[in-house]
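Notes for the structure review
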Amino acid sequence: MNVAGILLALLLVPAVLFADECIDCHQQETPGAVIQWQQSGHAPANVGCRSCHGDDHEKILQGNARVVAAVCARCHRQAFAEHSASKHGMGLHTGWGCTRNLPGRDQHECRFCHEEGSTLPVSAVMCARFLRQSSEMGQLGCNRCHMVENACGSCHGNHLTDLDIVRDPAVCAKCHMGPDHPQWEMWQTSQHGTLNRVQGRSIGPDCQLCHMPGGSHNVSHGITATPAGQVYPEERYKAERVKMINLCRECHAGSFAEEELAAADAVRSQSKQLVAEAAEIISELHDLGLLDPMPQDRPAHPLRRHELVLDGQMLYEDISHIERLFFTMKKFALAKTYKGAYHQNPAYTHWLGNAELKMLLVDIRSEASRLRERGGERGADERTLEERLTVLQGKFRRGLISQQEYTELKAEMLRKLTR
Amino acid sequence: MNVAGILLALLLVPAVLFADECIDCHQQETPGAVIQWQQSGHAPANVGCRSCHGDDHEKILQGNARVVAAVCARCHRQAFAEHSASKHGMGLHTGWGCTRNLPGRDQHECRFCHEEGSTLPVSAVMCARFLRQSSEMGQLGCNRCHMVENACGSCHGNHLTDLDIVRDPAVCAKCHMGPDHPQWEMWQTSQHGTLNRVQGRSIGPDCQLCHMPGGSHNVSHGITATPAGQVYPEERYKAERVKMINLCRECHAGSFAEEELAAADAVRSQSKQLVAEAAEIISELHDLGLLDPMPQDRPAHPLRRHELVLDGQMLYEDISHIERLFFTMKKFALAKTYKGAYHQNPAYTHWLGNAELKMLLVDIRSEASRLRERGGERGADERTLEERLTVLQGKFRRGLISQQEYTELKAEMLRKLTR
Amino acid sequence: MNVAGILLALLLVPAVLFADECIDCHQQETPGAVIQWQQSGHAPANVGCRSCHGDDHEKILQGNARVVAAVCARCHRQAFAEHSASKHGMGLHTGWGCTRNLPGRDQHECRFCHEEGSTLPVSAVMCARFLRQSSEMGQLGCNRCHMVENACGSCHGNHLTDLDIVRDPAVCAKCHMGPDHPQWEMWQTSQHGTLNRVQGRSIGPDCQLCHMPGGSHNVSHGITATPAGQVYPEERYKAERVKMINLCRECHAGSFAEEELAAADAVRSQSKQLVAEAAEIISELHDLGLLDPMPQDRPAHPLRRHELVLDGQMLYEDISHIERLFFTMKKFALAKTYKGAYHQNPAYTHWLGNAELKMLLVDIRSEASRLRERGGERGADERTLEERLTVLQGKFRRGLISQQEYTELKAEMLRKLTR
């Protein structure tokens, strides 16, 4: 519905029609909601209570008539289409573990979380953690954000339609903050954010200007990786990067922007390497039976039972101390480092990101040393043949060495033994 | 004093009377303070320097004529009464350990910190920590906030009376922030806070709107628990909840508000359960003599000497590593989880709260495992009879089992032995 | 260039001259940059693209014509002189390790980092960490801030000259935030910051008002210690303190300001004492060969090789767990405590500062206990003579005991042995 349409509606519809029998009662019951609707673009356009909430007051009272995205989509088709195709369109799914297990889901949805033809998750937010929460934590902790798929009101508010709300970075802050992805905080104290504070968005670009250019509801515009930081295949990567550079060129030389984003790419891959090193330390300890406690001695993972889980399905409860350090490294410090780099925030990139990553690696190595000594080990040199074969096998299974390397190294070990 | 009173004062009192002999000198000495007073409502009302600071310049110079709440109360009676009856009225006490030990205190004050007829503190901020601080840390760290009881200026500022200052949530931020109770931060990035930023308080409610409705100085309005999270007895709990729901109903359906706050109640009690589990682990280690160091081997607690202290009087210094983990869990992560839930902030409720709680429990269990092994123990199964009796006795002492259960379980243990 | 000069330039230079051949193309290439320049004071003063960027477009394209401070200094002489003499003037150096190793540096620069006649660094930000970073982390993490020496644009922005930008505390936030020196955060939630939010800078002073009084570019005005917290010699200390008190006296009684800052001095020295205690624990463990791993078993420090490094050159990678705890204590918690005290922020001074310092000391003592047991030690009483001599020698080397005390204590030990 455009401005002309609203004006037309204002002229044609007599004011008396706006009076809705709902209003009389709700001016007493929830006066704030009524005032907000009256000040909104919906009121003069004669989009009233019933238009969105329906006629069944009993159902409404039971909380079963929430206004889902499909209701808004009746009028706001393009916005809904863009929204659905973007990362925001997969919001709710990501709070539900594998959607295959849920009733009434389209199998086609698999591609949101999995690379074509693979069961490995591409996104760390396809969330086994949700399955371990109380329903109240799910409601107030997880789904307050992971309902964005299906609730336009989570950004737009419920009874207002004032675009100022969704044009302010604060609207993004509600979810894009905190230890796991503090995009709001890092933008706010970046050069862009500080200029924005003083000079407004024309000088200091905000979330919307770069990530929803031209008012698009496709929040994935110009993003080169999955939410879990897995870089897209080359063609898509390149196409998205060009989109972003074109936005930067509004103010910056293209070559400068390319250099800066390439440096952020390098920071991302260097940081992921530190995380991979930590994962390998823990995997080896697991293969040697040295974790305290081992997965078989703890409550089962809701999807993977007694496997060691270090990927996107990893839990932060009922694990060992060294895994918990890894969780912090991977989920908090990694995100701060590389998202800080893409958002031009030096304190996040370095102190809150890189320094934390490296200090957590120090802690993980130290805890590994303690666990090895506890298990009677004094380092790689003194391992038994069986232990060394186990470690080698693990490296092969995790793809760190090829089939050929595995075969050769194994043969070499056995040869030494029989010498 | 109301607006009409101020206007009357303006008309009747000749301007020349405002000139105070203090002013001539202080326009040189502290010009900012003079200008602030001149712009305040006190100036036209002829409330001058002497009215609040008194006549004794020597005393003022020695810093002994600070303007305490009783001075303001001479005119602002209702505000002072509301303030004194609310949690802000016990601000200073909470920084002083048991007020019984202080000169000139009313014994009736006990009920601020203790349940009737019990010596157990109901509030975690009755603070043994204060007793271990240097006087400078007490001054700049503790009492900058815990003087609110006696210093109206801590919210209102000292020479201004502009109500805009105390109507801005920033005025609350000064104390209600940081790791122990980040109410300001969690509000700021909640739906309420982000709407407030764009649309003002009529759409996005702020601290004052919910906690000081109608300009009341009773900041405890609608709160259902002590500052330490101890839920009030049922009658008071229900009465306070109704007050809060009535505020929510300005915009929200009452049933929705009730559901949301009930979910937050559940998050509070679930989170406290995790903390209780950690406390039990540490208490058992203590009873078995396995803490490193044990309380008897460290500097004495200022109130409880060589007891293990895990309640509101707990210190964060001269304790063992596992107790320090518990302190962080209880004082920081617990508060973030449930206060985040009541303030509708998903990142605090889940990532900064619940996830931290559960990860700290992982760390505590792991450290307990290390301490048990260090003490020669390999788990509950291999404990000696003496150790098992000690553990059982502790559970009874801490109220986890009844007298009857204790007697029966003890008898059962001894029976097995003599079989 | 003053306002009169700008106005003169406006009158004399025909508008047509403003049109620059760069502009035609850059209105397409980087329209935002052109608009910003057009709105700046430089445009009417006929300071065009070439004036700052030069004529060599090839060089510009290669990124070799960045506008360094010397370019701005051609017109803005006084600002540049003040800037160069202040701590901001040593910004870049601090990211480069010892400047002696860099080509084309004036040996006189040594005094920025070293006390006259000493090789000990006076500043913790003379940074060996930089030497261990990837060039991309150096670019996005370190030098985004540590280029302030040479890039006026890091505060002023690049194409605007609007003074509102540099008069907003947000401009300082970009660098003065985060775990190592959160001056922005602590100011923002102090009494000063919260008053500033509501009443502006005349009532609530901001960064610039206290640290750049009268628009001076000398950001070191009134500061009594090096960036690493080393207090200046008495004369300089006193002179700087007087400067700061004079600013406070704008609103506060001088005696009040003196007391407050003296209390902050005490908090600084008490907090440094806690850090010193931790350093001594780690140094002893090192001397006894008990760190895990020992410096000789890890990658070499870029400047100090296999020494134990706990001073300003300390790394946060490839160290032991106990050193990493110390790094956090010294670099994060110490700074929050005392900078929090000087900025009147109780939550930083106490909870984020003092409490963290003391809890990290708990962790360090606990880890020390574990390392001693791991090394076969059970406390100071059971040490061999050789171990006790090593510890004594270390204390002497670190200046904790005098030559005479060392000689006497050593003689006493040997005497006991031969008895």
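Residues numbered from 1 in each chain as written. Chains lettered and ligands numbered in written order. Predicted model: local features only at pLDDT ≥ 70, side-chain atom pairs only at ≥ 80, totals over all residues. Heavy atoms only, no water.

Side note on the overall build of chain A
Test applied: Counting from the N terminus, the helices are DSSP H or I runs at least four residues long and the strands are E runs at least two residues long. The accessible surface values rely on the Shrake-Rupley method and a 1.4 Å probe; as for residues, cover is taken only from the protein chains in view.
The secondary structure content of chain A amounts to 23 helices and zero strands. A total accessible area of about 20100 Å² is found for chain A, and carbon and sulfur atoms account for 56% of it.

Points about the packing of aromatic side chains
Here is the rule we go by: By convention, a stacked pair of Phe, Tyr or Trp rings (six-membered ring in the case of Trp) has centres within 6.5 Å and planes under 30 degrees apart, an edge-to-face pair has planes over 60 apart, and any other such pair is tilted. Buried residues are those whose accessible area, probed at 1.4 Å on protein chains only, stays under 20% of the maximum for their type, while exposed residues exceed 50% and partly exposed ones sit between those limits. Put simply, a charge is over a ring when the Lys NZ or the Arg CZ is close to the ring centre, within 6 Å, and near the line of the ring normal, within 35 degrees.
In this structure the tally under the stated criterion is 21 aromatic pairs over all chains. Between Phe327 of chain B and Trp351 of chain C, the ring centres sit 6.1 Å apart and the planes meet at 25 degrees, which makes this aromatic pair stacked. Of the two residues, Phe327 of chain B sits in helix α20 (residues 321–342) while Trp351 of chain C sits in helix α21 (residues 346–374), which places them in two different chains. Across the pair, Trp351 of chain C and Phe327 of chain B agree in class, each one buried. Ring-pair connections join several aromatic residues into one group, and the members of that group are Tyr316, Phe327 and Phe332 of chain A together with Trp351 of chain B. One Lys or Arg, Arg236 of chain B, reaches over the ring of Tyr232 of chain B and ends 3.6 Å from the middle of that ring.

A closer look at the interface of chain B and chain A
The following threshold applies: Contacts between residues were defined by any pair of non-hydrogen atoms, one from each residue, lying within 4.5 Å. As used here, buried area is the combined drop in accessible area, with a 1.4 Å probe, of two parts when they are placed together. Salt bridges are defined by distance alone: a side-chain nitrogen of Lys or Arg within 4 Å of a carboxyl oxygen of Asp or Glu. By the criterion applied in these results, polar contacts are pairs of N or O atoms within 3.5 Å in which, for protein atoms, one can donate a hydrogen and the other can accept it, and in which residues neighboring in sequence qualify only through two side-chain atoms. Each residue gets one label: Ala, Val, Leu, Ile, Met, Phe, Trp, Tyr, Cys and Pro are nonpolar, Asp, Glu, Lys and Arg are charged, and the others, such as Gly, are polar.
Taken together, the 49 residues of chain B in the interface contact 51 residues of chain A. Three residues, Arg197, Trp351 and Met359 of chain B, lead the burial of chain B against chain A; their summed loss comes to 16% of the area buried on that side. Linking chain B with chain A are seven salt bridges. Note that Arg144 of chain A is salt-bridged to Glu260 of chain B, the shortest N-O span being 2.8 Å. The interface formed by chain B and chain A contains 20 residue pairs in polar contact (both at pLDDT 80 or more). Secondary structure elements with two or more residues in the side of chain B that touches chain A: α16 (191–199), α19 (254–287), α20 and α21 (346–374) of chain B. Among the elements that make up the side of chain B that touches chain A, the one with the highest residue count is α21 of chain B (20 residues). Class assignment of the residues belonging to the side of chain B that touches chain A gives a composition of 20 nonpolar, 17 polar and twelve charged.

Description of the relation of the copies chain B and chain A
The pair of chain copies shares a relation made of a rotation about an axis and a shift along it. Heads up, the rule is: Here the copies are superposed with least squares, the fitted atoms being C-alpha atoms of residues at a pLDDT of at least 70 in both.
Placing chain B over chain A gives an RMSD of 0.0 Å and needs a rotation angle of 120 degrees, together with 0.0 Å of translation along the axis. Look at the turn and shift together and you get a three-fold axis relating the two. Counting the interface residues of chain B, we find that no more than 2% of their copies in chain A are interface residues as well, pointing to two distinct contact surfaces.

Details of the pattern of salt bridges
A complete count under the given rule lists 79 salt bridges over all chains for this structure. Arg298 of chain B is paired through a salt bridge with Glu323 of chain B; the nearest N and O atoms lie 2.5 Å apart. Separated by 25 residues along the polypeptide, Arg298 of chain B in the loop between α19 and α20 and Glu323 of chain B in helix α20 bring together distant segments of the chain. Like Arg298 of chain B, the residue Glu323 of chain B is buried in the burial classification. Among the salt bridges present, the one from Asp206 of chain C reaches Arg201 of chain C, with a minimum N-O distance of 3.0 Å. Judged by its relative accessible area of 4%, Asp206 of chain C is buried. Its relative accessible area of 35% is what places Arg201 of chain C among the partly exposed residues. Bridged by salt links that share partners, the residues Glu280, Glu284, Asp287, Arg383, Lys395, Arg397 and Arg398 of chain A form one connected network.

Some remarks on the state of the cysteines
All names here are of chain A. How we decide: Any two cysteine sulfur atoms within 2.5 Å of one another count as a disulfide.
In this structure the tally under the stated criterion is three disulfides over all chains. In this model, Cys145 is linked to Cys175 through a disulfide, with the two sulfur atoms separated by 2.3 Å. Residues Cys145 and Cys175 are joined by a disulfide whose S-S torsion is about -105 degrees; by sign, that bridge is left-handed. In this pair, Cys145 is assigned in the loop between α11 (135–142) and α12 (153–156) and Cys175 in the loop between α14 (170–173) and α15 (183–188), connecting sequence segments 30 residues apart.

Quick notes on the relation of the copies chain A and chain C
When chain A is brought onto chain C, the operation consists of a screw motion whose angular component is 120 degrees and whose axial shift is 0.0 Å, with 0.0 Å RMSD remaining. The overlap is low: 2% of the interface residues of chain A also sit at the interface in chain C, so different surfaces are used on the two sides.

Focus: helix α16 (residues 191–199) of chain A
Those residues of α16 of chain A not exposed but buried are Gly193, Thr194, Leu195 and Asn196 of chain A. Considering only its buried residues, α16 of chain A is in contact with α15 of chain A together with α13 (163–166) and α14 (170–173) of chain C.

Remarks on the interface of chain A and chain C
At the interface, 48 residues of chain A touch 51 residues of chain C. Note on chain A versus chain C: buried area summed over both sides is about 4200 Å², and carbon and sulfur give 57% of it. For the chain A face of the interface with chain C, the top three residues by lost area are Arg197, Trp351 and Met359 of chain A, together amounting to 16%. Between the two partners, chain A and chain C, sit seven salt bridges.

Quick word on the environment of Ala69 of chain B
Residue and element names in this part refer to chain B. Note that Ala69 resides in helix α7 (residues 69–73). Relative accessible area serves as the criterion here: at 1%, Ala69 is assigned to the buried category. C-alpha of Ala69 to C-alpha of Glu260: the two residues are 191 residues apart in sequence and 37 Å apart in space. Apart from residues no more than four positions distant in its own chain, Ala69 is found in contact with Phe80, Glu149, Asn150, Ala151 and Cys152.

Considerations on the confidence of the model for chain A
Residues and elements named next belong to chain A. Quick note on the threshold: As a per-residue measure, pLDDT tells how confident the predictor is, with possible values from 0 to 100.
Confidence in the prediction of chain A, expressed as mean pLDDT, is 86, and 85% of residues score 70 or more. In the model of chain A, helix α2 (residues 15–18) stands out as the element of lowest mean pLDDT, 40, in contrast to helix α20 (residues 321–342), which has the highest, 97. A low-confidence stretch, residues 5–19 stays under pLDDT 50, and its non-local contacts, those more than four residues away or across chains, total twelve contacts. Counted against residues more than four places away or in other chains, residues 96–103, with its pLDDT under 50, gives nine contacts. Overall fold confidence (pTM) sits at 0.90, and the ipTM for the predicted complex is 0.88.

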